[in-house]
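Each chain is listed here by its residues.
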Amino acid sequence: MEAMHVNRQLDLVLDTIAATNRSVRYAPGFRIQVYVGNQRQQAESAKLLIYQNFPELSAYLTYNQPTYRLKVGDFMRRLDAERYYSSIRQLIPSAQLQSDKVEIRRSLLIK
C-alpha cells in the first residue's frame, strides 16, 4: 500500500519535470555564419545557395544597421556542425562556425 503512495508522488514529480522540459525551446549550440556585410542582395543570394544545396537547414537572416548576417543550421553538437561546415565552406569560403542559441526542435530534424 505504501509503495502505491510513493509511485503517485513520483509520477507527479515526473509529470512536472516533463512539462518543464517541453516548455524549453532554446539551448546552447552551433550555427554556421555564411554571410556578413551590408548588401541585402548578396545575403539573399547566399540564402538561396544554401537552401538549394542544404534544404534541411534553417536560415536566419538578421539586420543590425548597417550589417546583414546570415546564419544557418540548429546544431546541438559541434560534430554535426563541423560536418556541414566543411561542405558549406566549399561553396562559401568565408563561412564561419559559431556558437549560438539554437532551437531544440529544429536541431532534432537535422540528420
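Cut-offs applied
- Residues numbered from 1 in each chain as written.
- Predicted model: local features only at pLDDT ≥ 70, side-chain atom pairs only at ≥ 80, totals over all residues.
- Heavy atoms only, no water.
- Helix = DSSP H or I, 4+ residues; strand = E, 2+ residues; numbered from the N terminus.
- Rg over C-alpha atoms; globule rule 2.2 N^0.38 Å.
- Buried < 20%, exposed > 50% of the residue type's maximum accessible area, 1.4 Å probe, protein only.
- Contact = heavy atoms within 4.5 Å.
- Areas by Shrake-Rupley, 256 points an atom, 1.4 Å probe, with all protein chains shown as cover.
- Lys, Arg positive; Asp, Glu negative; His and termini not counted.
- Charge placed at Lys NZ, Arg CZ, Asp CG, Glu CD.
- Pairing = 2+ DSSP bridges.
- UniProt positions renumbered as here; feature names shortened; annotations may be inferred.
- Patch = residues over 30% accessible without salt bridge, like charges linked within 9 Å, V, L, I, M, F, W, Y side chains within 5 Å.
- Salt bridge = Lys/Arg side-chain N within 4 Å of Asp/Glu carboxyl O.
- Expected span 1.5 Å × (residues − 1).
- Arc of directions from axis to C-beta.
- Axes fitted to C-alpha atoms, helices over the stretch in contact; angles between N-to-C directions.

A look at the overall build of the protein chain
Thinking step 1. Of regular secondary structure, the protein chain possesses 4 helices and 4 strands.
Thinking step 2. Counting from the amino terminus, helix and strand elements in the protein chain follow one another as α-β-α-β-β-α-β-α.
Thinking step 3. The globule rule puts the C-alpha radius of gyration for 111 residues at 13 Å, and the 20 Å found for the protein chain is more than 25% above it.
Thinking step 4. For the protein chain, the residues scored as buried account for 31% of the 111 residues in total.
Thinking step 5. Counting only contacts in the protein chain whose residues sit at least 6 apart along the sequence, the fraction spanning at least 24 positions is 75%.
Thinking step 6. Summed over all atoms, the accessible surface of the protein chain reaches about 7900 Å², with 53% contributed by carbon and sulfur.
Thinking step 7. One finds the centroid of the 16 positive side-chain charges in the protein chain at a distance of 7 Å from the centroid of its 10 negative side-chain charges.

Details of the pairing of strand β2 (residues 59–64)
Thinking step 1. Across 6 bridges, β2 lies against strand β3 (residues 67–75) in antiparallel orientation. Looking at β3, one finds that tyrosine 63 is bridged to tyrosine 68.
Thinking step 2. Where β2 hands over to β3, the hairpin turn is made up of 2 residues, counted between the paired strands.

A word on the UniProt feature "domain: SPOR" (unreviewed entry) in the protein chain
Thinking step 1. UniProt feature "domain: SPOR" (unreviewed entry): in the numbering of this structure it lies at residues 24–104.
Thinking step 2. From the first C-alpha to the last, residues 24–104 spans 8 Å; its make-up is 36% helix and 43% strand.

Brief notes about a nonpolar patch on the surface
Thinking step 1. On the surface, a nonpolar cluster with roughly 350 Å² of combined accessible area is contributed by Leu10, Val13, Leu14 and Ile17.
Thinking step 2. Along the chain, leucine 10 falls in helix α1 (residues 2–23).
Thinking step 3. Leucine 10 gets classed as partly exposed once you look at its relative accessible area, which sits at 46%.

Some remarks on helix α2 (residues 40–53)
Thinking step 1. Taking 1.5 Å of rise per residue, 14 residues should cover 20 Å, and α2 covers 20 Å from first to last C-alpha, within 8% of that figure.
Thinking step 2. Among the residues making up α2, those that are buried are Ala43, Ala46 and Ile50. Taken end-on, α2 shows its buried residues confined to a sector of 65°, consistent with a single buried face. Opposite the buried face of α2, at more than 90 degrees from it, the exposed residues are Gln41, Tyr51 and Gln52.
Thinking step 3. Residues of α2 that are buried in the fold lie against β1 (26–37), β2, β3 and α3 (78–91).

As for the sheet that holds β3
Thinking step 1. Strand order in the open sheet formed by 4 strands is β2-β3-β1-β4, and the pairing between neighbours is antiparallel. Both outer strands of the open sheet, β2 and β4 (96–103), are each paired with one neighbouring strand and no more. On average, each strand axis in the sheet is tilted by 40° relative to the strand beside it, whichever way the strands run.
Thinking step 2. In terms of strand pairing, β1 meets β4 through 8 bridges, oriented antiparallel. Looking at β4, one finds that glycine 29 is bridged to aspartate 100.
Thinking step 3. Against the sheet, α2 contacts β1, β2 and β3, and its axis sits at roughly 20° relative to β3.
Thinking step 4. Contacts from α3 reach β1, β3 and β4 within the one sheet, and its direction differs from that of β1 by about 15°.

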